[in-house]
Amino acid sequence: MDDAGTMRIKSLLLSLIGLGAGAAGAYFAGEQLAEFVEDRSELAARERLDIEGFDWTEVEAHGLQVVISGTAPDEAARFEAARAVGRVVDAARIIDETDVETKGVDLTPAFSIELLRTETGISMIGLVPANTDRAGIARQLSASLNEGKVSDFLETADYEPPSTWEASVRYGLEAITELNRAKVSISADAVAINATANTPSEKAKIESQYVRGAPSGVQVTLDIKAPRPFLSPYTLRVVHSAEDGARFDACAASDEESQARILAAARALGMTGQIDCPLALGAPNTNWGSTAAEAIAALGALPSGTVTLTDTALSLTGTLGTDQALFDSTVADLQASIDPLYTVRGVLPQPPLAEGEAEPLSFSATRSPEGDVKITGDVPSAPVRQAATSFADAAFGVGKHRMDLSVTPQAPLDWSQRVFAGLEGLATLQFGALEITETSFDLRGSSGDPEIKEKVTGLISEALDGATPYKLNVTYSEALDPLASLLKGPVCVADIASILKAQKITFEPGSTTIDGSGNDTLDAIAGVVKSCRPDIVLEIGGHTDSQGSEQLNQRISQERAFAVRTALIDRRVSPGVLKVVGYGESDPIADNATEEGREANRRIEFTLPVVETVKEDTAQADPASEDEAGADPSATSDVASETAPESPSDASENSAESASDASVEPTKNASREGTQETPQDSAEDSPQEETQ
């Protein structure tokens, strides 16, 4: 190689060495710059976090990225820490790897049960604690069903429920067992009840009962619907006189607007105070309210009289002495002002016969409180007389009536119609009297049916078809009411107490099975309960002494009380009037330190819950009912249970009993609170129980 070539190679090598040195220098300079940026970013972030008090954070820079880590006390602190770093470092360079502290967070699932009751049974859907006695709940629900079955679609989770869960469940189960066609939604702090009542008064009772019985700390929501009754015939009748003013003998309105129109017309006629015109189904058309209001207004144009509206038949009846021209014009104006569907018939009584004229026709019947009936008067023909005899045999009983009827062919055409309408009306009364003349129809008497006035008014209005003026004076008598004669709640409890005082109910040793010696006592108690009013509820409360664990004693008291309830149901006592609550050792009546005291504390009590006493008071008009009962509403009847645990060993024996036939019922007695009513095993039981 010549010198020129050598020189070119040397020159090239020197250039390459120079480039390499430059690249190395640039690399080391870049490294130093990156480290500088990392250090500055990390230091700036750390200082900012320290200044703002985020001492739980850690900061580390990786190149241009700044990583924040640590455990924030809550989500808000985590967010504020990232914002603090964002004040000194571009937010795009921040990597947030912090966690949020979970200590103290309630991980309990949202337990809930939805109970749906239809004609086919009761279904349970929801999530419940794993230790829930689902079989016991199903048995309680089954006991309330006449037919159908309980379908269990519940799922479980092994968590401790909130403190109010058990009270909510007891309350919800009580509601679904007492209501028909209902949905009850249960959560730990709320119960929603949706149900249907048969009447508005029943709706009011249900709402009062469940508002009063709501557990502490549980929000109760009620949606009770009361379908309107169906009336046939649909009847309105107003009587007006100058002496006595105006009154409704019967009234019905198809909707609130119709009701308002009718009541406004009644007040314009002179009615005062509380006026009752209930809503009901069955109106012949949508113009019922306006037609009734026009009819009442027309009655006001007369000195006195009666207006009766039965379905689409309207009868306006004047009184003797009313001006004929005024009456005729009033009837004509009324017919012109109402829906043509309604037909108006005007009836104006005529003056009595002049002296020397034939004796007017008459028909009368009386019924004594003992049931004896006497019937006398005129009928138009022999077949009508025979028909009246047959009717009296069917209505009053063969041999219970005496009949003296004369055949009078000149009787008016509608005379037979009046006679049979009057006899049918008299048959609805326990005692009374019927008087019919050519110009009048008068029925009076008493019955034990609270709705007798409305029933007789509808019956007579429909039978006479508005052609004959009539007077009714029928009243309700509590003494004749078969329900009123039944025992009131306090009397039932007192009678049961006297039975148990003479003979206790005992249980087989170490068992919740009733001893056979108690059969006569249970028979007697069942007889008393069957004679009680059907609208009361008796609580069977189980109690024990303090031997054994509290949870075991509660379970035993629950099962023994339920055994008594089952025994009474077997004796044809209605399940709906018996409630079960297990109080365990929570309500002693004697000293548990002595054998005698423990024996007294082991008992079953029959009580009348406070809410049921309120129902009785509101359902009965007699303010002296409590005095008549001769007993305090909170009176109890006790029966000693001779085999409750005497010692820890006895408790161990009893703990082997299963929770069969357990029931979950709410405590309504205001004087004390029952313990958990669903018998179930617990990890907190005594060692003796755990070994069983």
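Relevant structure appears above.
All figures in this text were calculated on a predicted structure; none of them were measured in a lab. (Residues numbered from 1 in each chain as written. Predicted model: local features only at pLDDT ≥ 70, side-chain atom pairs only at ≥ 80, totals over all residues. Heavy atoms only, no water.)

Some words on the overall build of the protein
In plain terms, the rule: Helix and strand assignments come from DSSP, with helices taken as H or I runs of at least 4 residues and strands as E runs of at least 2, each series counted from the N terminus. For every residue, the accessible area obtained with a 1.4 Å probe (protein chains only) is divided by the maximum for its type, and the residue is called buried under 20%, exposed over 50%, and partly exposed between those limits. The contact rule is simple, with two residues in contact once any of their heavy atoms fall within 4.5 Å. Throughout, the Shrake-Rupley method with a 1.4 Å probe supplies accessible areas, and for residues the shown protein chains are the sole cover considered.
Looking only at helices and strands, the protein features 19 helices and 25 strands. Expressed as a percentage of the 692 residues in the protein, the buried residues total 44%. In the protein, once contacts between residues fewer than 6 apart in sequence are set aside, the share between residues at least 24 apart is 69%. Here the protein has roughly 33900 Å² of accessible surface; of this, 52% comes from carbon and sulfur atoms.

Some thoughts on the sheet that holds strand β16 (residues 362-367)
This is how it is decided: In this analysis, strands are considered paired if DSSP registers two or more bridges between them. Axis definition: a line fitted to C-alpha atoms, over the contacting stretch in the case of helices. Angles run 0 to 180 degrees between N-to-C directions.
The six strands lie next to each other as β18-β17-β16-β19-β20-β21, forming an open sheet whose pairing is mixed. At either end of the open sheet lies a strand with only one pairing partner, and these are β18 (401-407) and β21 (471-476). Averaged over neighbouring strand pairs, the angle between their axes works out to 5° when direction is ignored. As paired strands, β16 and strand β19 (residues 431-437) are joined by six bridges and run antiparallel to one another. Directly across from F363, in β19, lies its bridge partner I436. The strands touched by helix α11 (residues 452-464) within the sheet are β20 (441-447) and β21, with β21 carrying the most contacts at an inclination of about 155°.

What about the pattern of salt bridges?
Test applied: Salt bridge criterion: a side-chain nitrogen from Lys or Arg within 4 Å of a carboxyl oxygen from Asp or Glu.
For the structure shown, the criterion picks out 24 salt bridges. The salt bridge involving R78 is made with D96; its shortest N-O contact spans 3.6 Å. Placement of the pair is R78 in helix α2 (residues 75-86) and D96 in strand β3 (residues 94-96), with a sequence separation of 18 residues. According to the relative accessible area criterion, R78 is partly exposed, its value standing at 25%. In this structure, the salt-bridge partner of E599 is R602, at a minimum N-O distance of 2.8 Å. Of the two residues, E599 and R602, neither departs from the other in class, the shared state being buried. The structure contains a network of salt bridges with shared partners spanning D545, E595, R598, E599 and R602.

Details of unusual backbone geometry
Following S232, the chain continues to P233 via a peptide bond in cis, the omega torsion being 0°. Assignment of secondary structure puts P233 in the loop between β10 (219-225) and β11 (235-241). With a phi angle near 55°, D311 is a residue other than glycine that sits in the positive phi range. Take D311: it is sitting in the loop between β13 (305-310) and β14 (313-318). The class for D311 is partly exposed, based on a relative accessible area of 27%.

Here we look at the environment of P409
Mapped onto the secondary structure, P409 falls in the loop between β18 and α10 (415-427). Remark: the alpha-carbon pair of P409 and S381, spanning 28 residues in sequence, is separated by 6.2 Å.

Focus: the sheet that holds strand β8 (residues 182-187)
The sheet built from six strands is open, its strands ordered β7-β6-β5-β8-β9-β10 with mixed pairing. Only two strands of the sheet have a single neighbouring strand rather than two, namely β7 (149-157) and β10. Strand-to-strand twist across the sheet, computed as the mean angle between neighbouring axes with direction ignored, equals 5°. In terms of strand pairing, strand β5 (residues 112-118) meets strand β6 (residues 121-129) through seven bridges, oriented antiparallel. Each residue of the ladder has a partner; that of T118, found in β6, is G121. Across the sheet, helix α3 (residues 134-143) is in contact with β5, β6 and β7; its angle to β7 comes to roughly 155°. Across the sheet, helix α4 (residues 165-178) touches β5, β6, β8, β9 (190-196) and β10, and the angle it forms with β8 is around 175°.

Some details on the pairing of β13
Most of β13 is tucked away: six of the six residues are buried. Residues of β13 alternate between two faces, with G305, V307 and L309 on one and T306, T308 and T310 on the opposite face, all of them buried. In this structure, β11 lies alongside β13, joined through six bridges in antiparallel fashion. Counted as the bridge partner of R237 is T308 from β13. Note: β13 against β14, six bridges, orientation antiparallel. Bridging across to β14, G305 finds its partner in G318. In sequence, β13 turns back onto β14 through a hairpin of two residues, with D311 there showing a positive phi of about 55°.

By themselves these figures say nothing about function.
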